[in-house]
Amino acid sequence: MMRKQTNTLLSALAFAFASATVSVPTMFIASNATAQEAEQQDGQEIKASDKQTRRVPTLRGKVYEQLARAQTAADEAGNVEEAISILKEVEDKSHSMNAYEKAMMYNFFGFIYYNNEDYAKALESFAKVVDQQPIPEKFEMTTLFSLAQLNLMQGNYDDTITYLERWESLNAGPVPVKNKVIKAQAYYQNKQYEQAATWISEAVADHEAEGMIPDEGWLILQRAIFYELKQPQKVKDVLVKMVKLFDEPKYWIQLAGMYGELGEERKQLAIMETAYQRGFVNTSADVFNMAQLYYYHRVPYKGAKLMEQAMNDGVLEKNLRNLKFLGQSWSLAKEQDKAIPVMMQAAELSEDGELDAQLAQILLNEERFDDAIAAADRAVEKGDLRNPGLVYLIKGMALYNKKQYALALNQLAEAEKHQKSRAMAQQWKQFVQGEKRQADAIAAELGELGTS
């Protein structure tokens, strides 16, 4: 839909790409322009006397009046169809128009189509502007830059680069930073990452050399390019800069992740702890990752406390993965009284018997023999065990401690059938048999004493 403007059809076009903002310049309108005018581009004045003179025909008043009519129709009345109709009348007489007049006509076409969101026709019209020669150099450069930006927005990355290079061929000074950023964006989208890295790095360096802070979007783009190039050290360096400049929670978390990728786990944990202290670790993914770091660095108690608090606050879901890891963390921290109820919750959610087997082991170590037997039975019932013999071994040991030697030997015999548990089952079998013989002997002796 047509958006009403006050003085020109379009004062500025802005679009976001890789979080970097660029804008199409305002529409170039002049009633009488010549190549002898002083030109200004990016704050640098280039006098006509410093460059070769380009002779340009003037824009005649009668042509300008028709173009102004079209602008009024579109700008004030909001009538796009009428504006285009007026311009087409002018185009029908283009055989009598000079290059500058034709260029201005196509320029009006372009901005009207753009404002009406007909980008294909807008691009076609702006392209016709720069096909007309001779035209004022500033006008040509302005249009070339607009074409580069519009083509980038439309995904025409090769054309973006072509128009920028045409702009640069007319530019007498150094390549401006914004041109370098747009080039980097186009090369990045074309998956030409080496070229993209060159241009974005130059843009950032130029800006910093002037004592200015790079745009956040430029650094986001630079980080993405280095990531695609599989250069984690450079990704890390960019993130360090982003943390210092913008102090955003996401950059702290990403920086920690890059230290982990580089194998610098201590720095990874230090960054995550700083982020946590500042209130930046507040998503379920970040909490779980930090708990894993604590576990890896042998400080499981901190990780367990973190997860427990996150679960109580509703940040971390009480699902199988989280409960299992919380239970393992408490267990490694030797907080078995806290590990057991959590592992029980996790085991209830598990379809296989693996967690019940782990729980049976913990309960056996805590001398909760009846509970260990019950957990072992659930493990066998669910199945899908990595080491089935271990469950029978645990149950046999629990029954031995309850002095149920015959039942214990039955379970140890089952454990003996499995390769992984065979050796230990045989050892325990011999031990339990000895204990059973001794118990039987004592019972027999006591029985004889009772009958004497």
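The model shown is predicted, which means the values in this text are computed figures rather than measured ones.

Asks: Explain the overall build of the protein chain to me, using residue names and the numbers behind them.
Replies: Of regular secondary structure, the protein chain possesses 21 helices and four strands. By the burial criterion, 46% of the 452 residues in the protein chain qualify as buried. In the protein chain, 55% of the contacts between residues at least 6 apart in sequence involve partners at least 24 apart. Carbon together with sulfur atoms contributes 47% to the accessible area of the protein chain, which is approximately 23000 Å² in total.

Asks: Quick rundown of unusual backbone geometry? Include the residues and the values.
Replies: Each neighbour pair has its own omega, and for Gln133 with Pro134 the value is 0°, a cis peptide bond. By the element assignment, Pro134 lies in the loop between α4 (119–131) and α5 (137–153). Residues other than glycine seldom take positive phi values, yet Lys230 does so here, at roughly 55°. Positionally, Lys230 belongs in the loop between α9 (216–228) and α10 (232–246).

Asks: Now, about the side chain of Gln336: what can you tell me, with residues and values included?
Replies: Here Gln336 shows up in helix α16 (residues 336–349). In this structure the side chain of Gln336 is engaged in a polar contact, spanning 3.3 Å, whose partner is the backbone oxygen of Ser331. Sequence-distant contacts of Gln336, defined by excluding residues within four places in its chain, comprise Trp330, Ser331, Pro341, Ile362 and Glu366.

Asks: Describe the packing of helix α15 (residues 320–332) against α16, listing the residues and the values that go with them.
Replies: Following both chains from N to C, one finds α15 and α16 inclined at 155°, their axes separated by 8 Å at the closest point. One finds that α15 runs roughly antiparallel with respect to α16. Where α15 crosses over α16, the handedness of that crossing is left-handed. Residues Leu320, Leu323, Lys324, Leu326, Gly327, Gln328, Trp330 and Ser331 of α15 form the contact with α16, whose own contacting residues are Gln336, Lys338, Ala339, Val342, Met343, Gln345, Ala346 and Leu349. Its residues assigned to classes, the contact of α15 with α16 comprises nine nonpolar, five polar and two charged.

Asks: Give me the lowdown on the environment of Asp337, citing residues and values where you can.
Replies: Relative to the helices and strands, Asp337 is located in helix α16. On the accessibility criterion, Asp337 (58% relative accessible area) is exposed.

Asks: Describe the pattern of salt bridges, naming the residues involved and giving the relevant values.
Replies: Overall, the coordinates contain 21 salt bridges when judged by the stated rule. The closest approach of N and O atoms between Glu168 and Lys183, which form a salt bridge, is 3.2 Å. With Glu168 in helix α6 (residues 157–170) and Lys183 in helix α7 (residues 177–189), this residue pair connects regions lying 15 residues apart in the sequence. Across the salt bridge formed by Glu264 and Lys267, the nearest N and O atoms sit 3.2 Å from each other. With relative accessibility at 45%, the residue Lys267 sits in the partly exposed group. Salt bridges linked by common partners bring Glu165, Glu168 and Lys183 together as one network.

Asks: Can you tell me about the packing of aromatic side chains, naming the residues and giving the values?
Replies: Within the structure shown, the criterion is met by 15 aromatic pairs. Between the aromatic rings of Phe111 and Phe126, the centroid separation amounts to 4.9 Å while the plane-to-plane angle is 80°, which identifies the pairing as edge-to-face. Here the residue Phe111 occupies a position in helix α3 (residues 99–115), and Phe126 occupies one in helix α4, the gap between them amounting to 15 residues. There is no split in this pair, since Phe111 and Phe126 are both buried. Between the aromatic rings of Tyr400 and Phe431, the centroid separation amounts to 5.4 Å while the plane-to-plane angle is 65°, which identifies the pairing as edge-to-face. Here Tyr400, found in helix α19 (residues 388–401), pairs with Phe431, found in helix α21 (residues 419–451); they are 31 residues apart in sequence, far enough to count as distant. The partly exposed category is assigned to Phe431, whose relative accessible area is 38%. Within the aromatic cluster, the residues linked to one another by ring pairs are Tyr400, Tyr405, Trp428 and Phe431. The ring of Phe145 has Lys178 sitting right over it, with the charged end atom 4.8 Å from the ring centre. One Lys or Arg, Arg321, reaches over the ring of Phe288 and ends 3.6 Å from the middle of that ring.

Asks: Describe the nonpolar core, and please don't skip the residues or the numbers.
Replies: Ranked by size, the top nonpolar core spans 136 residues in total, and within it Ile200, Ile225 and Met307 carry the most contacts. If we skip the residues at most four places from it in the chain, Ile200 touches Val181, Ala184, Trp218, Leu221, Gln222 and Ile225.

Asks: Account for the packing of helix α8 (residues 193–209) against α9, with residues named and values stated.
Replies: Axis separation between α8 and α9 bottoms out at 9 Å; the angle between their running directions is 145°. For the element pair α8 and α9, the recorded crossing hand is left-handed. Within the contact between the two elements, α8 uses Tyr193, Ala196, Ala197, Ile200, Ser201, Ala203, Val204 and His207 and α9 uses Trp218, Leu219, Leu221, Gln222, Ile225, Phe226 and Glu228. Here the contact of α8 with α9 is composed, by residue class, of 11 nonpolar, three polar and one charged.

Asks: I'd like a rundown of the confidence of the model for the protein chain, residues and numbers included.
Replies: Chain-level statistics for the protein chain give a pLDDT mean of 86 and a share of 87% at 70 or above. Every residue in residues 1–50 is under pLDDT 50, and counting partners more than four places away or in other chains gives 133 contacts.

Asks: Talk me through helix α12 (residues 265–277); I want residue IDs and the actual numbers.
Replies: Every α-helix carries 3.6 residues per turn, so stepping three or four residues along brings you back to the same face. The first and last C-alpha atoms of α12 sit 18 Å apart over 13 residues, in line with the 18 Å expected at 1.5 Å per residue. Within α12 the residues assigned to the buried category are Gln268, Leu269, Ile271, Met272 and Ala275. Burial along α12 is one-sided: seen end-on, the buried residues are contained in an arc of 165°. Facing away from the buried side of α12 by over 90 degrees, the exposed positions are Arg266 and Gln277. For α12, the secondary structure elements touched by its buried residues are α11 (249–261) and α13 (284–296). Directly beyond the C-terminal end of α12, a positive phi value near 80° is found at Gly279.

What counts and what doesn't
Residues numbered from 1 in each chain as written. Predicted model: local features only at pLDDT ≥ 70, side-chain atom pairs only at ≥ 80, totals over all residues. Heavy atoms only, no water. Helix = DSSP H or I, 4+ residues; strand = E, 2+ residues; numbered from the N terminus. Buried < 20%, exposed > 50% of the residue type's maximum accessible area, 1.4 Å probe, protein only. Contact = heavy atoms within 4.5 Å. Areas by Shrake-Rupley, 256 points an atom, 1.4 Å probe, with all protein chains shown as cover. Polar contact = N/O pair within 3.5 Å; in protein donor to acceptor, adjacent residues only side chain to side chain. Axes fitted to C-alpha atoms, helices over the stretch in contact; angles between N-to-C directions. Parallel < 35°, antiparallel > 145°, perpendicular 65-115°, else oblique. Left-handed = near helix turned anticlockwise from the far one by under 90°. Nonpolar A, V, L, I, M, F, W, Y, C, P; charged D, E, K, R; others polar. Salt bridge = Lys/Arg side-chain N within 4 Å of Asp/Glu carboxyl O. Phe/Tyr/Trp six-rings, centres within 6.5 Å; stacked < 30°, edge-to-face > 60°. Lys NZ or Arg CZ within 6 Å of the ring centre and 35° of its normal. Core = buried A, V, L, I, M, F, W, Y, C linked by side-chain atoms within 4.5 Å. pLDDT = per-residue confidence, 0-100. Expected span 1.5 Å × (residues − 1). Arc of directions from axis to C-beta.

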